[in-house]
Amino acid sequence: MAARITLFSRPGCHLCDEARTVIERVCADLGESYVEHSIDEDPALRARYGEEIPVTLVDGRQHDFWRVDEARLRAALAHPVV
């Protein structure tokens, strides 16, 4: 099963740590998975998201940046893009 959530982050980012905690809790509750990519490892990602991390995508579409709202994330996962 492909991950529906993508987290773009950076090592040492406290907001990224908070976002990861929320995403992990939601994934555990809903049986979903996520992938995480450090923007520091990809110049294109760093250029695109450098000031907005953490950035969360759901089903390939940008969902949140800076903070992850748990209720909003759960709602997005309840309604998959077809």
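Everything that follows concerns the structure shown earlier in this document.
Only a predicted model underlies this, so the values are computations on that prediction, with no experimental measurement involved.

Criteria and cut-off values
- Residues numbered from 1 in each chain as written.
- Predicted model: local features only at pLDDT ≥ 70, side-chain atom pairs only at ≥ 80, totals over all residues.
- Heavy atoms only, no water.
- Pairing = 2+ DSSP bridges.
- Helix = DSSP H or I, 4+ residues; strand = E, 2+ residues; numbered from the N terminus.
- Axes fitted to C-alpha atoms, helices over the stretch in contact; angles between N-to-C directions.
- Contact = heavy atoms within 4.5 Å.
- Buried < 20%, exposed > 50% of the residue type's maximum accessible area, 1.4 Å probe, protein only.
- Parallel < 35°, antiparallel > 145°, perpendicular 65-115°, else oblique.
- Left-handed = near helix turned anticlockwise from the far one by under 90°.
- Phe/Tyr/Trp six-rings, centres within 6.5 Å; stacked < 30°, edge-to-face > 60°.

J.: How should the sheet that holds strand β3 (residues 55-58) be read in this particular structure?
T.: Working definition: the strands of a sheet are paired by backbone hydrogen bonds and lie parallel or antiparallel to each other. Pairing in this open sheet of 4 strands is mixed, and the strands run β2-β1-β3-β4 from one edge to the other. Every interior strand has two partners, whereas the edge strands, β2 (34-38) and β4 (61-65), have only one. On average, adjacent strands in this sheet sit at an angle of 25° to one another, irrespective of strand direction. Bridging between strand β1 (residues 5-9) and β3 involves 4 bridges; their strand directions are antiparallel. Residue pairing across strands places I5 opposite V58, the latter belonging to β3. Relative to β1, helix α1 (residues 14-30) is tilted by about 165°, and along the sheet it contacts β1, β2 and β3.

J.: Is there a simple way to explain the side chain of T6 in this structure?
T.: Along the chain, T6 turns up in strand β1. Accessibility expressed as a relative area gives 15% for T6, which makes it buried.

J.: Would you explain the packing of α1 against helix α3 (residues 70-78) in this entry?
T.: The relative placement of two packed helices is expressed as an angle between their axes plus a distance between the axes. Here α1 crosses α3 at 40°, and the two axes come no closer than 10 Å. Looking at the two axes, α1 sits oblique to α3. The crossing of α1 and α3 is right-handed. Note on element contacts: α3 touches α1 through E70, L73, R74 and L77, opposite V22, I23, R25, V26, D29 and L30.

J.: Whenever I open this one, the environment of A44 confuses me. Can you help?
T.: With respect to the secondary-structure elements, A44 resides in helix α2 (residues 43-49). Along the sequence, A44 and F65 sit 21 residues apart, while their C-alpha atoms lie 17 Å from each other.

J.: How should the packing of aromatic side chains be read in this particular structure?
T.: Any two aromatic rings considered together are summarised by their centre-to-centre distance and by the angle between their planes. Tallied over the full model, the rule gives 2 aromatic pairs. Seen in terms of ring centroids, F8 and Y49 are 4.9 Å apart; in terms of plane orientation they differ by 20°. Their pairing is stacked. Note that F8 is positioned in strand β1 and Y49 in helix α2, a separation of 41 residues in sequence. Since its relative accessible area comes to 8%, F8 is described here as buried. Arranged with centres 4.6 Å apart and planes meeting at 65°, the rings of F65 and W66 form a pair that is edge-to-face.

Treat this as a map of the structure, not an account of what it does.
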